[in-house]
Amino acid sequence: MALAVLAVAGPVLAGGTVGPTAEVRPGPVQVAPAASWPALVITGENTPPSSMLVNGRPTGYQTDKIVALMQRAGVPYRIDILPWKRAYVMAQRDPLTCVYSTSRTPEREKFFKWVGPINSTEWLLLGRAGHPYQLKTLDDARNLRIGAYNGDARGEYLRSRGFNVDSLQNDMANQQKLLLNRIDLWAVATRTDSNMLDRLTMGGKLVPVLVFNKVQLYLACNATTPDALVDRLNATFETLRRDGTLSRIDRRYEELEAQK
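Residues numbered from 1 in each chain as written. Predicted model: local features only at pLDDT ≥ 70, side-chain atom pairs only at ≥ 80, totals over all residues. Heavy atoms only, no water.

Under the annotation held in an unreviewed UniProt entry, the protein carries the name ABC transporter substrate-binding protein and is attributed to Pseudoduganella chitinolytica.

This part takes up the environment of Lys214. Relative to the helices and strands, Lys214 resides in strand β11 (residues 206-222). A relative accessible area of 62% places Lys214 in the exposed class. When the C-alpha positions of Lys214 and Trp123 are compared, they lie 6.0 Å apart, and in sequence the two are 91 residues distant. Look past the residues within four positions of Lys214 in its chain and what remains in contact with it is Thr121 and Glu122. (Helix = DSSP H or I, 4+ residues; strand = E, 2+ residues; numbered from the N terminus. Buried < 20%, exposed > 50% of the residue type's maximum accessible area, 1.4 Å probe, protein only. Contact = heavy atoms within 4.5 Å.)

Scanning all chains against the criterion turns up 15 salt bridges. Of the charged contacts in the structure, one is a salt bridge between Lys113 and Asp227, with a shortest N-O distance of 2.6 Å. One end of the pair, Lys113, is in strand β7 (residues 112-128); the other, Asp227, is in helix α6 (residues 227-242), and 114 residues separate them in sequence. Among the ionic pairs, Lys214 bridges to Glu122, the shortest N-O distance being 3.6 Å. You can see Lys214 sitting in strand β11 and its partner Glu122 sitting in strand β7, a full 92 residues away along the chain. (Salt bridge = Lys/Arg side-chain N within 4 Å of Asp/Glu carboxyl O.)

Now for the side chain of Asp184. Relative to the elements of secondary structure, Asp184 occurs in the loop between α4 (173-179) and β10 (185-190). Look at Asp184 and you get buried, because its relative accessible area is 14%. A polar contact is formed between the side chain of Asp184 and the backbone nitrogen of Arg145, at a distance of 2.7 Å. Setting aside residues no more than four positions away along its own chain, Asp184 makes contact with Leu126, Gly127, Arg128, Tyr133, Leu144, Arg145 and Leu178. (Polar contact = N/O pair within 3.5 Å; in protein donor to acceptor, adjacent residues only side chain to side chain.)

Under the defined criterion, the tally for this structure stands at 1 disulfide. Each sulfur of the disulfide joining Cys98 and Cys221 lies 2.2 Å from the other. The S-S bond linking Cys98 to Cys221 shows a torsion near 100°; that makes this disulfide right-handed. In this pair, Cys98 sits in strand β6 (residues 97-103) while Cys221 sits in strand β11, placing the two residues 123 residues apart along the sequence. In this structure, Cys98 and Cys221 share a single accessibility class: buried. (Disulfide = S-S within 2.5 Å.)

So, on to the pairing of β10. Counted residue by residue, β10 has 6 buried out of 6 residues, so it is predominantly covered. Residues Leu185, Ala187 and Ala189 line one face of β10 and the alternating positions Trp186, Val188 and Thr190 line the opposite face, and both faces are buried. In the sheet, β7 pairs with β10 via 5 bridges, with the strands oriented antiparallel. From the neighbouring strand, Trp123 faces β10, where its bridge partner is Ala189. Direction of pairing for strand β8 (residues 145-149) relative to β10: parallel, over a ladder of 2 bridges. Within the sheet, the bridge partner assigned to Ile146 lies in β10 and is Leu185. (Pairing = 2+ DSSP bridges.)

Given 3.6 residues per helical turn, the α-helix brings residues three or four places apart onto the same face. End to end, α6 covers 23 Å across 16 residues, agreeing with the expected 22 Å (1.5 Å per residue, within 8%). What α6 keeps buried is the set Leu229, Val230, Arg232, Leu233, Thr236, Phe237, Thr239 and Leu240. The elements touched by buried residues of α6 are β2 (40-44), α1 (61-73), β7 and α7 (245-258). Of the residues one or two after α6, Gly244 is the one with positive phi, at around 90°. (Expected span 1.5 Å × (residues − 1).)

Okay, the side chain of Ser103 next. In this fold, Ser103 is placed in strand β6. Beyond its immediate sequence surroundings of up to four residues, Ser103 is in contact with Arg108, Trp114, Trp123, Ala153, Val215, Gln216 and Leu217.

So, on to the nonpolar core. If you look at the biggest cluster of nonpolar residues, it comprises 29 residues, and the most contacted ones within it are Ile42, Met70, Leu219 and Leu233. Among the secondary structure elements, those contributing two or more residues to this core are β2, α1, β5 (77-81), β6, β7, β11, α6 and α7. A total of 7 residues in this core trace back to one element, the largest contributor, which is α1. Dropping the residues within four chain positions of it, Ile42 is found in contact with Ile66, Met70, Tyr77, Arg78, Ile79, Asp80, Cys98, Tyr100 and Leu219. In this structure, Ala141, Ala148, Phe163 and Val165 belong to the second largest nonpolar core, which totals 28 residues. (Core = buried A, V, L, I, M, F, W, Y, C linked by side-chain atoms within 4.5 Å.)

See below:
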């Protein structure tokens, strides 16, 4: 959840834009010629190490899974790294456009066709260390100010349920807002198998207060995307899961994170 960087990847090619750490292996499924599938525009945000730009090229553990998926399925594509709200709106509005990594929630279900899940995440509330929070359920936070960012599923979820949500363009600015007591809590997402929480809590200055939801993350495609293409991507994604490609990508990034 870092400051989003507006950048556009290379042109649409039959092989797509490949992240420098993407792992692609030949699979048992028959790959259709690229010309038989329409080209997809795939948008994502700058959230290292999930998705980011390295030397101007999209990479990250979620990006590399998308690259492996598109190459194995034989679907031409382009990946654009954009501010989240723009990336999300483009996929909702524009035909043959998809966005990753998108929380699949009941509120969003009807707007997209879904490929995945790519990963899962926990939504939790962070607070200031030493503050006497008394939260046993999410409803206990109803009178508190909760930081989020524009277009994010956590903010949408909380706001639709009547919570006091203060959204920013840059989610990481909520760290300082929380420390300065300008908000009471910060709604974040983190994987249980990553060290992301260590970075978000600033060495113990912030602390987890309450896990309030668990969601799965998907590639969300515009509702007009042909069903045959969505089926193809889902079947290919399951092949990547079974043959270990996805877990190898995760392990590579876990090793890189451990070396930092």
